[in-house]
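Single-letter residue listing:
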Amino acid sequence: MTTLAPTLDAASTMSSPLLEVRDLHVRFGAVHAVRGVSFDVRRGEVLGIVGESGSGKSVTSNAIMGLLPDRTLIEGSITFEGQELVGLSDGAMSRLRGARLSMVFQDPMSSLNPVLTVGAQLIEAIRIHRPLSKAHARAEAVALLEVVGIPDAQQRIDQYPHEFSGGMRQRAVIAIAMANRPDVIIADEPTTALDVTVQAQVLEALDQARKHVNAALILVTHDMGVIAGHADRVLVMYGGRVVERGDVDEVFERSRMPYTRGLLASIPRIDQRDAPLRPIPGAPPSPATLTGRSCPFAARCAFAQDVCTSVEPALLDVGAEDEARPLATHAAACHFARHPEIVRADLPTVPEVPAGGGRGSEVLLAVVDLVQRYEAKDRAGRRRSVVAVDGVSFTIRAGETLGLVGESGCGKSSAARAVTRLQEMTGGTVHVRGRDLAAARGRELTSMRRQIQMVFQDPFSSLDPRMSVAAVIGEALALAGVPRRARAERVAQLLRDVGLSEEMAERYPHEFSGGQRQRIGIARALATDPDVVVLDEPVSALDVSVQAGVVNLLARLQAERGLGYLFVAHDLAVVAHISDRIAVMYLGRIVEIGGRDEVFDDPAHPYTKALLSAIPIPDPKVERSRQAITLRGDMPSPSDRPSGCAFRSRCPVFASLLDDERRKRCERDDPELEPTSTSRDVACHFPNLTREVQHA
Amino acid sequence: MLRFAIRRFAIAAPMLFIASFVMFMMVAFSGDPMSRYRSMDPPPPPEAIASIERQLGLDQPVLVRYWNWLTGIFRGDFGASVANVDIGAELGARMLVSFRLIVLAVLIAAVVAIVVGVISAMRQSGAIDNVVSTLVFIALALPVFWVGVLLKYAAIEFNEAAGTTVFYTVGDGTSSGAAGLELVGFLALPTIVLVINQFASWSRYVRSSMIEVLSADYMRLARAKGLTKGRAVVRHGLRNALMPFVTIVALDFSALVGGAIVSESIFQWRGMGDLLLNGIRNLDVHVVMAWLLVFATATIVLNLLADLVYGVLDPRIRTA
């Protein structure tokens, strides 16, 4: 460190902190959402703030922007270039917002005003702070859109938000954020609502924007992978406080906070597919329940001792001290932060799920040429049929999981709904244990519904709020023909099976956390003793630390019962962890299907390869050395499918590795799924070229 | 957009036809318009009654009468009236009187509703909102006829106290040839009655849709750009919040006409309300039908207009 001191000094005199937050407290009535947060940010720096729901990370960023509701009580200090922001009037704050401090929000689908053109909103952002003529501002707006990578900016500037895809909208929001060369950009979960390939593009655009205007970036996210790849320093927030801070490498490799360690151990990684996931028990605390008299993490902590439940620990410095930047020193809010023998001890092992347990050779689910068509109206009001699922075939054996992955709109959820006949399929056949589901009617259909059950994405809206848990599960038991007097016992058994206690049977859904609700959803699905369970994004609505528990539960139930799983998800890391085989969908078709390791280690379809390269890995060393293959643009709409191979409009092989002669083949012939080995099929004319795709 | 308008009209035409048929039958079968002649003492000679019946076409079967009426409409002939008035001419004069009232009331009620609703929403659950909301609920609870009568008596007292007629409480002013400021004196009370009844419910719609808009992400972005709260509401909030309101105004047109009829009769206006009430009293089919035709056409045109305005406000509809 000492040898570096002169350069550090030079750097710090050049840039004193732009933004300093000291002992920030935010209260909404009785709820103490942020409890004493301090940090600072310098020009050119990327500060990551990572945390789960209720950690206070978004409240902190909105407090800096002065965007919290009027009656919020804010204490402490936020200074920007020496100017105190807490208590500043809305008028004075407005002069800073958008000019010196700007923000990118989570959901690009709703953060642009739907009734104004993208250009009008961007031009407004410029003209609020600078007295430019409309023509001049417009020219600048076009240039901004080009910087963030919007093609044909000159034309697209006059379009409305609904004419932009999600990724495009987020780029437009980033353009608005950088419009007046701000000093600090706060990005609050900027890519959470986006697909992974689009996430890679948007993070790159954000990086471009930051460098272009030489701003500091505060990157708020729940995704450790995004932090690993993009942040210089990180704050880990939990229960309204910073529980660990420091250099990204320090925190990821030498964490002194059991929560951070637990979080990292609970996240599935595509590069460590067989490593067991270690869930953190329980759920993140709600800010309303925090007392300040104990460590907020104590109840979930593997190393907790008596002191943890009686005294809330302060942030303790554990790293090499940097006098110029005391708030940059690695620190952790744990009583034992300075006792590596305690906080660095091995995390408790999780009970191993027997590999391949319950696996049999019997085909439980056989889907052949499944087609799902919707009637929709296009922009001109003409009726068009949109083919959401276009001839999909696969089988699932006992004890086997098929992971069905792809970007939003690829048809994976439509396929899941058609397979369970929650939606009538347009064509194709589905056989469950040899019985034809598509042809089943009346009583036979009812009996077949018991065999194939579904777990839904959103545990908050998929349970009837006015039915107790016993009623929810009991209803499914009644369908399965369990006599009334036997039901209470079966409900209790099912609750125990999914890791809940039987006393919870009389409670209502709102009394449970997200992870618990999803367990109730799983218990409901299992009530009919099904052969196949279709899991439609079963963990994507859950907090990261809770996901692992649900994934492990699913694996255990499968091993015990020999269930066949169709696991539909956009998160390839989760899918990689639980699946035996993988099917990748693009525009309604499976483009690659095969054994998990074969597909992940040596993808044969360029789309699979691009998807895999875009998934961030929560390890700074690994992540910085990786380069995503950036796919151009977005998935086309199923209603105007390109001729020949539908992927060619975005295909890196097509774009850079083919001569005109071979390109013609992609333009003319629609590739069929063909085996490249005994256990893998690929729909690509030139699967051998996929290996040569360079990471851009 | 044009296709959309044409389609709406195409749907409206058969609707209008069915409504007219049902209405015609209901009035025709609800009694004998000649009964007041028959009950005269001494009764007029049967030949005289038969002659009036022939004149009015009442001697023909009801379906034929409907057919004659329907074909007459296309020739601009509204048919003969029991009360022996020229329905077409009468309609013209009375429409002017009534529409003046309704249009004025709609405009004032809408403006007041927007102002009250937006202020309420921006100060949600604050002191201003609580006071305003209480007043609005009182206004909602007041029946039109009651407020009307009350206002009428209050105005009479006021006029006596002032020693001159500020508010006219009888008539619509057209027969006495009132114009300009004097006309305002005639219009004031009935308009106030209608406005009180209508702005209250409308302001609740504006309030709730504004509250929804205020928490929208694009409002947060608008403020993150550097707009103050007030400017963000004016530039980004209003248009979004008023989109559903446009539809509400059009849908409430019928209720407003109902209120206008009551209001007109309290202040003894010779408007559309008076025409309808007399028509019903006399079992005068053609008068009721003429009234219905005007009312139904106005409703359809207004709803179409609302859809078009919605399209102008919301680009997502425009392209659909």
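Residues numbered from 1 in each chain as written. Chains lettered and ligands numbered in written order. Predicted model: local features only at pLDDT ≥ 70, side-chain atom pairs only at ≥ 80, totals over all residues. Heavy atoms only, no water.

Asker: Describe in detail the overall build of chain A, supporting the description with residues and values.
Answerer: A tally of regular secondary structure across chain A gives 24 helices and 24 strands. Compactness check: chain A gives a C-alpha radius of gyration of 26 Å against a globular reference of 26 Å for 696 residues, within 12% of the reference. C-alpha extents for chain A along the principal axes are approximately 75 × 70 × 50 Å. Across chain A, the fraction of contacts at a sequence separation of at least 24, relative to all contacts at a separation of at least 6, is 68%. In the form shown here, chain A has an accessible surface area of approximately 28000 Å², with 49% of it arising from carbon and sulfur atoms. Of note, chain A has its 81 positive side-chain charges centred 4 Å away from the centre of its 88 negative side-chain charges. (Helix = DSSP H or I, 4+ residues; strand = E, 2+ residues; numbered from the N terminus. Rg over C-alpha atoms; globule rule 2.2 N^0.38 Å. Contact = heavy atoms within 4.5 Å. Areas by Shrake-Rupley, 256 points an atom, 1.4 Å probe, with all protein chains shown as cover. Lys, Arg positive; Asp, Glu negative; His and termini not counted. Charge placed at Lys NZ, Arg CZ, Asp CG, Glu CD.)

Asker: Can you lay out the pairing of strand β15 (residues 401–405) of chain A for me, pointing to particular residues and giving the numbers?
Answerer: Residue and element names in this part refer to chain A. Within β15, five of the five residues are buried, leaving the element largely enclosed by the surrounding structure. Along β15, one buried face is formed by Thr 401, Gly 403 and Val 405 and the opposite face, lined by Leu 402 and Leu 404, is buried too. Pairing geometry for β15 and strand β21 (residues 581–586), over four bridges, is parallel. Paired with Leu 402 across the bridge in β21 is Arg 581. (Buried < 20%, exposed > 50% of the residue type's maximum accessible area, 1.4 Å probe, protein only. Pairing = 2+ DSSP bridges.)

Asker: Residues and numbers for the confidence of the model for chain B, please.
Answerer: Looking at chain B, pLDDT values average 85 and 98% of them are 70 or higher. Both scores are available for the predicted complex, with the pTM at 0.85 and the ipTM at 0.83. (pLDDT = per-residue confidence, 0-100.)

Asker: Lay out the sheet that holds strand β24 (residues 680–682) of chain A with the relevant residues and their values.
Answerer: All names here are of chain A. If you walk across this open sheet you meet the eight strands as β18-β19-β20-β15-β21-β22-β24-β23, and the pairing is mixed. The open sheet has two edge strands, β18 (452–455) and β23 (674–677), and neither has a second partner. Looking at each pair of strands side by side, their axes are set apart by 25° on average, direction ignored. Seen against the sheet, helix α13 (residues 412–419) touches β15, β18, β19 (532–536), β20 (564–569) and β21 and runs at an angle of roughly 150° to β20. (Axes fitted to C-alpha atoms, helices over the stretch in contact; angles between N-to-C directions.)

Asker: Tell me about the packing of helix α5 (residues 87–122) of chain B against helix α11 (residues 253–266) of chain B, residues and numbers included.
Answerer: All names here are of chain B. With their axes 10 Å apart at the nearest point, α5 and α11 run at an angle of 125° to one another. It follows from the interaxial angle that α5 and α11 lie oblique. Read as a crossing pair, α5 and α11 show a hand that is right-handed. Packed against α5, whose contacting residues are Ser 98, Leu 101, Ile 102 and Val 106, the element α11 presents Phe 253, Leu 256, Val 257, Ala 260 and Glu 264 at the interface. Among the residues forming the contact of α5 with α11, the class breakdown is seven nonpolar, one polar and one charged. (Parallel < 35°, antiparallel > 145°, perpendicular 65-115°, else oblique. Left-handed = near helix turned anticlockwise from the far one by under 90°. Nonpolar A, V, L, I, M, F, W, Y, C, P; charged D, E, K, R; others polar.)

Asker: So, the environment of Pro 687 of chain A: which residues are in play, and what are the values?
Answerer: All names here are of chain A. Take Pro 687: it is sitting in the segment after β24. Remark: the alpha-carbon pair of Pro 687 and Pro 618, spanning 69 residues in sequence, is separated by 29 Å. Contact partners of Pro 687, with chain neighbours within four places excluded, come to Ala 604, Thr 676 and Val 682.

Asker: Give me the side chain of Thr 420 of chain A: which residues, what numbers.
Answerer: Residue placement: Thr 420 of chain A occurs in the loop between α13 and β16 (427–432). The buried category is assigned to Thr 420 of chain A, whose relative accessible area is 5%.

Asker: Describe in detail the interface of chain A and chain B, supporting the description with residues and values.
Answerer: Every contact between the two is made by 33 residues of chain A and, on the other side, 24 residues of chain B. Buried surface at the junction of chain A and chain B, both sides included, amounts to about 2600 Å², of which 52% is carbon and sulfur. Of all residues in chain A, Phe 105, Val 115 and Glu 124 of chain A bury the most surface against chain B, accounting for 21% of the area lost on that side. For the interface between chain A and chain B, the tally reads four salt bridges. (Buried area = accessible area lost by both parts, 1.4 Å probe. Salt bridge = Lys/Arg side-chain N within 4 Å of Asp/Glu carboxyl O.)

Asker: Can you explain the side chain of Ser 81 of chain B? Please cite residues and give values.
Answerer: Residues and elements named next belong to chain B. In this structure, Ser 81 sits in the loop between α4 (62–74) and α5. Among the residues examined, Ser 81 registers a relative accessible area of 5% and is labelled buried. One polar contact links Ser 81 to Asp 284, side chain to side chain, over a distance of 2.7 Å. If sequence neighbours within four positions are ignored, Ser 81 has contacts with Leu 56, Ile 87, Asp 284 and Val 287. (Polar contact = N/O pair within 3.5 Å; in protein donor to acceptor, adjacent residues only side chain to side chain.)

Asker: Kindly report on the sheet that holds strand β6 (residues 101–104) of chain A, identifying the contributing residues and their values.
Answerer: Residue and element names in this part refer to chain A. Across the sheet, which stays open at both edges, the eight strands sit in the order β6-β7-β8-β3-β9-β10-β12-β11 with mixed pairing between neighbours. Looking at the sheet topology across the chains shown, the edges are occupied by β6 and β11 (316–317). As judged from the four bridges shared by β6 and strand β7 (residues 184–188), these two strands associate in the parallel manner. The residue of β7 that forms the bridge with Val 104 is Ala 187. Its contacts with the sheet put helix α7 (residues 166–178) on β6 and β7, and the angle it makes with β6 is roughly 175°.

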